[in-house]
Amino acid sequence: MTSSTSRPLTPRKVPRFRRFAVRTGAMARKETWHVVRDPSNLFLALGMPVVLIIVFGYGVSFDLDHVPVAIIDQDGTRTSRQVARDLTASGEFDAIADAGEPEDADRLFRRQEAAAAVILPRGMEKSLARGEQVTLQVLVDGSDGGRASSVIGSSAAIVRSASIRAAASGLPRAMVVPIRGRVRTLFNPELRSAVFLVPGLIAYVLAIAAVLLTALTVAREWERGNMEQLFATPVGRLEIVLGKLSPYLAIGLLQALLVLAVGTVVFDVPVRGHMALLAAGTLLFLAGTLSQGLFISVLARNQQVATQAGAISSLLPAVLLSGFLFPIENMPLALQVIASVFPSRYYVELLRGVMLKDAPLAVLWPQLAAMAAFAAVMIVLSTARFGRRIA
Amino acid sequence: MSDLITVSRLCRSFGSFQAVKDVSFKVGRGEIFGYLGANGAGKSTTIRMLCGLLQPTSGSAVVAGADVARDPEGVKRRIGYMSQKFSLYPDLTVFENLDFFGGAYGLSGRALRSRIDEVLDELGLRDRSRSLTSSLPGGARQRVALANALLHNPDVLFLDEPTAGVDPASRRDFIALVRRRVAQGTTAFLTTHYMDEAEYCDRVGLMVAGCLKVLDTPSALKANHVPGALFEVRTARRGDVTAALNAIQGLATIQRIGAGLRVRYDPSPGRDRVAESALAADPDAVVEAAEASLDDVFRAVVDQEAQ
Ligand SMILES: Nc1ncnc2c1ncn2[C@@H]1O[C@H](COP(=O)(O)OP(=O)(O)O)[C@@H](O)[C@H]1O
Ligand SMILES: [Mg+2]
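Here is what the cut-offs are and how they apply
- Residues numbered from 1 in each chain as written.
- Chains lettered and ligands numbered in written order.
- Predicted model: local features only at pLDDT ≥ 70, side-chain atom pairs only at ≥ 80, totals over all residues.
- Heavy atoms only, no water.
- Helix = DSSP H or I, 4+ residues; strand = E, 2+ residues; numbered from the N terminus.
- Buried < 20%, exposed > 50% of the residue type's maximum accessible area, 1.4 Å probe, protein only.
- Contact = heavy atoms within 4.5 Å.
- Areas by Shrake-Rupley, 256 points an atom, 1.4 Å probe, with all protein chains shown as cover.
- Phe/Tyr/Trp six-rings, centres within 6.5 Å; stacked < 30°, edge-to-face > 60°.
- Donors = N, O, S within 2.8 Å, 3.2 Å for Na, K, Ca; no water.
- Salt bridge = Lys/Arg side-chain N within 4 Å of Asp/Glu carboxyl O.
- Expected span 1.5 Å × (residues − 1).
- Near = heavy atom within 4 Å.
- Polar contact = N/O pair within 3.5 Å; in protein donor to acceptor, adjacent residues only side chain to side chain.
- Nonpolar A, V, L, I, M, F, W, Y, C, P; charged D, E, K, R; others polar.
- Domains from an automatic or database assignment.
- Pairing = 2+ DSSP bridges.
- Axes fitted to C-alpha atoms, helices over the stretch in contact; angles between N-to-C directions.
- Buried area = accessible area lost by both parts, 1.4 Å probe.

Scanning chain A for helices and strands turns up 15 helices and five strands. Looking at chain A residue by residue over its 391 residues, the buried ones come to 49%. Across chain A, contacts joining residues at least 24 apart in sequence account for 80% of those joining residues at least 6 apart. A total accessible area of about 17,600 Å² is found for chain A, and carbon and sulfur atoms account for 62% of it.

Residue and element names in this part refer to chain B. The full count for this structure, using the stated rule, is 14 aromatic pairs over all chains. Consider the rings of F100 and F101, whose centres lie 5.0 Å apart with planes at 65°: the pair is edge-to-face. Comparing F100 with F101 shows no difference in burial state: the two are buried. Members of the aromatic cluster, each reached through a chain of ring pairs, are F25, F33, Y35, F158 and F189.

So, on to the coordination of the magnesium ion (ligand 2). Residues and elements named next belong to chain B. On the protein side, the magnesium ion (ligand 2) has S44 (OG) and Q84 (OE1) as donor atoms, found 2.0 to 2.4 Å from it. With S44 in helix α1 (residues 43-50) and Q84 in the loop between β6 (79-82) and α3 (94-104), this pair connects stretches of sequence that are 40 residues apart. Its relative accessible area of 13% is what places S44 among the buried residues. By relative accessible area, which is 40% here, Q84 ends up partly exposed.

Residue and element names in this part refer to chain A. Turning to its location among the elements, S344 is positioned in helix α14 (residues 343-357). Between the C-alpha atom of S344 and that of T79, which follows or precedes it by 265 residues, the distance is 50 Å. Setting aside its immediate chain neighbours within four residues, S344 contacts A203, A207, F285, P317, A318 and S322.

Here the focus is the pattern of salt bridges. This structure, assessed with the given rule, holds 27 salt bridges over all chains. Close ionic contact of R126(B) with D121(B) constitutes a salt bridge, the shortest N to O distance being 2.7 Å. Note on R126(B): relative accessible area 42%, which makes it partly exposed. A single salt-bridge network, built from bridges that share partners, covers K30(A), E31(A), E221(A) and K244(A).

We now examine helix α1 (residues 16-37) of chain A. Between the first and last C-alpha of α1(A) there are 32 Å, a value that for 22 residues agrees with the 32 Å anticipated at 1.5 Å per step. Here α1(A) has its buried residues at R19(A), V22(A), R23(A), T24(A), A26(A), M27(A), A28(A), K30(A), E31(A), W33(A), H34(A) and V35(A).

Residues and elements named next belong to chain B. Neighbouring ligand 1 are F14, F17, A19, A38, N39, G40, A41, G42, K43, S44 and T45. In the model, an oxygen atom of ligand 1 is placed 2.5 Å from a nitrogen or oxygen of the T45 side chain. For ligand 1, whose unbound accessible area comes to 560 Å², protein coverage reaches 62%. At the level of elements, β2 (17-28) and α1 are the ones that each hand at least two residues to the shell around ligand 1. It is α1 that provides the largest number of residues to the shell around ligand 1, a total of three residues. Considering only residue class, the shell around ligand 1 consists of five nonpolar, five polar and one charged.

What follows covers the domain arrangement of chain B. If you check the domain split of chain B, you get domain 1 (3-219) and domain 2 (227-291). On a C-alpha basis, the centres of domain 1 of chain B and domain 2 of chain B stand 40 Å from each other.

This brings us to the sheet that holds strand β3 (residues 32-37) of chain B. All names here are of chain B. Spatial ordering of the open sheet is given by β6-β7-β8-β3-β9-β10, a layout of six strands whose pairing is mixed. Either end of the sheet is taken by a strand with one partner, and the two such strands are β6 and β10 (211-216). Recorded for the sheet is a direction-independent mean angle of 15° between the axes of neighbouring strands. Pairing of strand β9 (residues 203-208) with β10 involves five bridges; the strand directions are antiparallel. Paired with V204 across the bridge in β10 is D216. Strands β6 and β7 (156-160) of the sheet are contacted by helix α5 (residues 138-150), whose axis makes an angle of about 160° with β6.

On to the interface of chain A and chain B. Listed as interface residues are 38 residues of chain A and, on the opposing side, 43 residues of chain B. Interface area, chain A with chain B, both sides summed: about 3,700 Å², of which 52% is carbon and sulfur. Run the count over chain A and chain B and you get four salt bridges. Here E73(B) and R237(A) are joined by a salt bridge, their closest N and O atoms 3.7 Å apart. Between chain A and chain B we count 15 residue pairs in polar contact (both at pLDDT 80 or more) in total. The set of elements that each furnish at least two residues to the side of chain A that touches chain B consists of α1, α8 (217-224) and α9 (226-231) of chain A. A per-element tally of the side of chain A that touches chain B places α1(A) first, with eleven residues.

Given below as structure tokens:
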């Protein structure tokens, strides 16, 4: 059978795309075997995001207890003192000794001596006696979004109950208390609640896990000397890249599903919009972040460097530039531009849009397009760098 | 045209360092061609260029009809390569490794299955197919790597130090497998620094510091490149005998071997003259004329280079 006429077994007439599919499939199958052979990695990949989201999720939504509050009584009357006592009666707020003036709130927040300040305005008792509305101003330290929103919620409730008590004790009943949080913009002007933060967390957790998942795959083959053997076969760079990505995309989707489930079940984050839109966005986001990890791996050729570069390049954009904690509109232009490159911000926007607001495709297509573009660019870059390295 | 490898004035530099200098040769169909040389001589660099893995700095090479510089993908489809480093995936089974590399060559489905069965049988690996590659002994691993390189029935087989670090028995088995394959029409190019392995080659090229110094059949090399005469002296008193042999005109090389010394004289003083001196130093010494080996060729060529 194998005489001097032996031909390579790949017949020329096999269509190009079929050969492409065969090779990419072989690559994907091999990569899956690697994962299956070392299930500890799989458990880590699936367990880490869940642990992270639970830890961080609770971190941002802890219950209020003895929050230090500066009660600034500018009125100094019997009524204002009564309201001040009512504010601290439940134990959620502790009045701090040296409240000072409204201008001091900034300083108190910075030194972490108070997390909120309530201003009881001059002339309060008189106004109430005349049956007028009184506005209590509440300043909240927004640097901790979760706590800030809880403080606002509680103070509204406390003031309302104080208002009812005041009414019962013969004061005019018309004490409506709109609470306004004036918050230093540097920290978190929109006072994001846990519900608002969880979609950001999902993006953050997935970004890190996804980048790290693929950051090693190519570097490992360089270090072990497999790459030379691989390059001696007719496998193309794009086939390697796509073949390597696909099993991790499956794992990533599983991660996403787990994290979303934890987000909705444990933290009561609603999913108001379309699951299909959520799925499409998640797929594109994962494709982008996985390719980012792969690209790093192609560049580094060294597992240690790849891990570090992967961690940094996923962590920084996901935490700082995603709009998860810090609003992008308030950043310097240069950072805004950088933030617009990474897919994290688009995924956060998409998650918030779909989960909280039922935003339609007509609104979210730019986010989808941006994530698709990032994924495409990363895949092209990985492939191109692969090509140059073989020389 | 039956030359499967045609190399012409091939050079490769890394920066200012010339790893391969102006190498030319041809390898015909069904030939085992051996590339012999010390570490760093440029063997792997040559083989990488021939496999389309490394771009030549200058010169040309055509392998199985494809130019290595202009059509490396064409080369890759037609060759099998076993790299110097252990290049299988240790966490995959033998079958999985073969399945993957078969797929990498575009084989799939039933064709791939039957090919895997064939090479497993050919290389005596059938009962190993479910073993993790990392669990195999060295000789079996090498055979799996060979199986990998043979899956797609390549025209040319490139083996870069295929038996490095393997025991001599496994080495012989391995070479026998390669010879069987070559008898069926495949061409093999292998690098080695084991002389006994080079003996099995149809022709041997000797590489010294990037240059292909000599190239011929093993017997012609031994006949033409070991000037003078060789003797083996069996003795327990190597020191005394060495001093005595040194005194004879024309000593070219002297080396310690298991039972004594191996010496080459150029020109030859004759066996009697050598025996006389050796016996004077050690009455129990036995002197015999010796056949040249590839090792002697190698030493002679390197010596000539040094002068
Ligand atoms: N990629 C490379 N970059 C720089 N130098 C190299 C590279 N590859 C090989 N060399 C050098 O070229 C010389 C020949 O190497 P090689 O072909 O591997 O030798 P051999 O296989 O005969 O042991 C060595 O000195 C080696 O250091
Ligand atoms: Mg070498």
